[in-house]
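Listed below, chain by chain, are the residues.
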Amino acid sequence: NAGVTQTPKFRVLKTGQSMTLLCAQDMNHEYMYWYRQDPGMGLRLIHYSVGEGTTAKGEVPDGYNVSRLKKQNFLLGLESAAPSQTSVYFCASSSSGGAHEQFFGPGTRLTVL
Amino acid sequence: RKEVEQDPGPFNVPEGATVAFNCTYSNSASQSFFWYRQDCRKEPKLLMSVYSSGNEDGRFTAQLNRASQYISLLIRDSKLSDSATYLCVVNHEYGNKLVFGAGTILRVKS
């Protein structure tokens, strides 16, 4: 039982490049979330999903897209990376909404030059 | 104003000390409250939920004051292993989302 996994762990991009971050969970959770964490800012919600085939915007969605084609996977895409997207990205999942524990992946450290 | 505010610290305390963290939240419609712990360069993990009646888990005690929109975490007999960032977390009024505070850094020294 791996819990929540994220791929890749580290990535360096040049401005304008694109990439996809993959999140996978094996807990059969309905809800999945993508956050970014910056110094002094705490975790900020980018996008989330309440079930397979659904997505919704969070607090800071601009510059990102997501897809939830399978229940266990939640993909975060950056179409044209910018230095402001340098951050640590965490994926999380939970069995239900805000009243339930969220389980986090180990994070992806992204640097955009 | 941030929806969840915490004193960033750091709190530097000796082993065995008692330390308390406070957190305030702005949305009176919030229903669920948590403390998460995050070790350096690791993911956040749930430490404990916070209930209206207050709750205790070993050396950790959490309190909620809805009238003042205030949450606290008390750690007794601090251990070196308690060194981490403690995140105050509140559910968003629409229920599906959590709002995280920026965290309070605790350093326990021998």
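Read on for an overview of the structure. These numbers were taken from a predicted model, which means no experiment stands behind them.

So, on to the overall build of chain B. Helix and strand counts for chain B stand at 0 helices and 11 strands. Secondary structure elements of chain B occur, N-terminal to C-terminal, as β-β-β-β-β-β-β-β-β-β-β. Relative to its length of 110 residues, chain B is compact, with a C-alpha radius of gyration of 13 Å against a globular reference of 13 Å. Oriented by its inertia axes, the alpha-carbon framework of chain B measures out at about 45 × 30 × 20 Å. A total of 110 residues make up chain B; the buried ones form 48% of that total. Long-range contacts, defined as pairs at least 24 residues apart, comprise 56% of the intrachain contacts of chain B with a sequence gap of at least 6. Carbon and sulfur atoms form 46% of the exposed surface of chain B, whose accessible area is close to 5,400 Å².

Attention now goes to the layout of surface pockets. In this model, the largest pocket occupies a volume close to 630 Å³. The wall of the largest pocket is formed by 32 residues, among which Gln-37, Pro-39 and Gly-40 of chain A together with Gln-38 and Thr-85 of chain B lie closest to the centre. If you list the elements that add at least two residues to the lining of the largest pocket, you get β4 (31-38) and β9 (87-94) of chain A together with β1 (4-6), β9 (84-91) and β11 (104-109) of chain B. Ranked by residue count, the leading element in the lining of the largest pocket is β11 of chain B, at 4 residues. A breakdown of the residues in the lining of the largest pocket according to their chemical character gives 12 nonpolar, 11 polar and 9 charged. One number sums up the size of the second largest pocket: a volume of about 360 Å³. Lining the second largest pocket are 17 residues; nearest its centre among them are Leu-43, Arg-44 and Glu-59 of chain A together with Glu-3 and Val-99 of chain B. The set of elements that each furnish at least two residues to the lining of the second largest pocket consists of β5 (42-49) of chain A together with β10 (98-100) of chain B. Residue classes in the lining of the second largest pocket are distributed as 9 nonpolar, 3 polar and 5 charged.

Moving on: the state of the cysteines. Residue and element names in this part refer to chain A. Counting across every chain of the model gives 2 disulfides over all chains. Paired by a disulfide, Cys-23 and Cys-91 hold their sulfur atoms 1.9 Å apart. Judged by the sign of its S-S torsion, about -75°, the bond between Cys-23 and Cys-91 is left-handed. You can see Cys-23 sitting in strand β3 (residues 19-25) and its partner Cys-91 sitting in strand β9, a full 68 residues away along the chain. Cys-23 gets classed as buried once you look at its relative accessible area, which sits at 0%.

Another aspect to go through is the nonpolar core. Ranked by internal contacts, the top residues of the largest apolar core, which has 24 residues, are Phe-21, Trp-35, Ile-71, Leu-73, Ile-75, Tyr-86 and Leu-106 of chain B. Contributing elements (two or more residues each) for this core: β3 (19-25), β4 (33-38), β5 (44-50), β7 (60-65), β8 (70-75), β9 and β11 of chain B. Counting residues in each nonpolar core, the second largest holds 19 residues, with Leu-13, Cys-23, Phe-74 and Leu-110 of chain A among its members.

Where charged atoms from two side chains of opposite charge come close, those side chains can pair. Tallied over the entire structure, the rule returns 7 salt bridges over all chains. One salt bridge connects Glu-30 of chain A with Lys-71 of chain A, and the closest N-O pair in it is separated by 2.9 Å. Taken together, the residues span a long stretch of sequence, with Glu-30 of chain A in the loop between β3 and β4 and Lys-71 of chain A in the loop between β7 (65-67) and β8 (73-78) at a distance of 41 residues. Glu-30 of chain A sits in the partly exposed class, given a relative accessible area of 31%. According to the relative accessible area criterion, Lys-71 of chain A is buried, its value standing at 19%. Across the pair Asp-77 of chain B and Lys-79 of chain B runs a salt bridge whose closest N-O atoms are separated by 2.9 Å. Taking relative accessible area as the criterion, Asp-77 of chain B reaches 37% and is therefore assigned partly exposed.

All names here are of chain B. What the 5 strands build is an open sheet, ordered β1-β3-β8-β7-β6; its pairing is antiparallel. Since the sheet does not close on itself, it has two edges, and those belong to β1 and β6 (55-57), each with one partner. Across the sheet, the axes of successive neighbouring strands diverge by a mean angle of 20°, strand direction being ignored. As paired elements, β6 and β7 share 3 bridges and run antiparallel to each other. By the bridge assignment for β7, Asp-57 is matched with Phe-60.

Definitions and limits used
Residues numbered from 1 in each chain as written. Chains lettered and ligands numbered in written order. Predicted model: local features only at pLDDT ≥ 70, side-chain atom pairs only at ≥ 80, totals over all residues. Heavy atoms only, no water. Helix = DSSP H or I, 4+ residues; strand = E, 2+ residues; numbered from the N terminus. Rg over C-alpha atoms; globule rule 2.2 N^0.38 Å. Buried < 20%, exposed > 50% of the residue type's maximum accessible area, 1.4 Å probe, protein only. Contact = heavy atoms within 4.5 Å. Areas by Shrake-Rupley, 256 points an atom, 1.4 Å probe, with all protein chains shown as cover. 1 Å grid on protein atoms, 1.4 Å probe; cavity = no way out; pocket = protein on both sides within 12 Å on 5 of 7 lines; lining within 4 Å. Points joined across faces, edges and corners; volume = space filled by probe spheres on them. Nonpolar A, V, L, I, M, F, W, Y, C, P; charged D, E, K, R; others polar. Disulfide = S-S within 2.5 Å. Core = buried A, V, L, I, M, F, W, Y, C linked by side-chain atoms within 4.5 Å. Salt bridge = Lys/Arg side-chain N within 4 Å of Asp/Glu carboxyl O. Pairing = 2+ DSSP bridges. Axes fitted to C-alpha atoms, helices over the stretch in contact; angles between N-to-C directions.

Remember that the coordinates give geometry; whether it matters functionally is a separate question.
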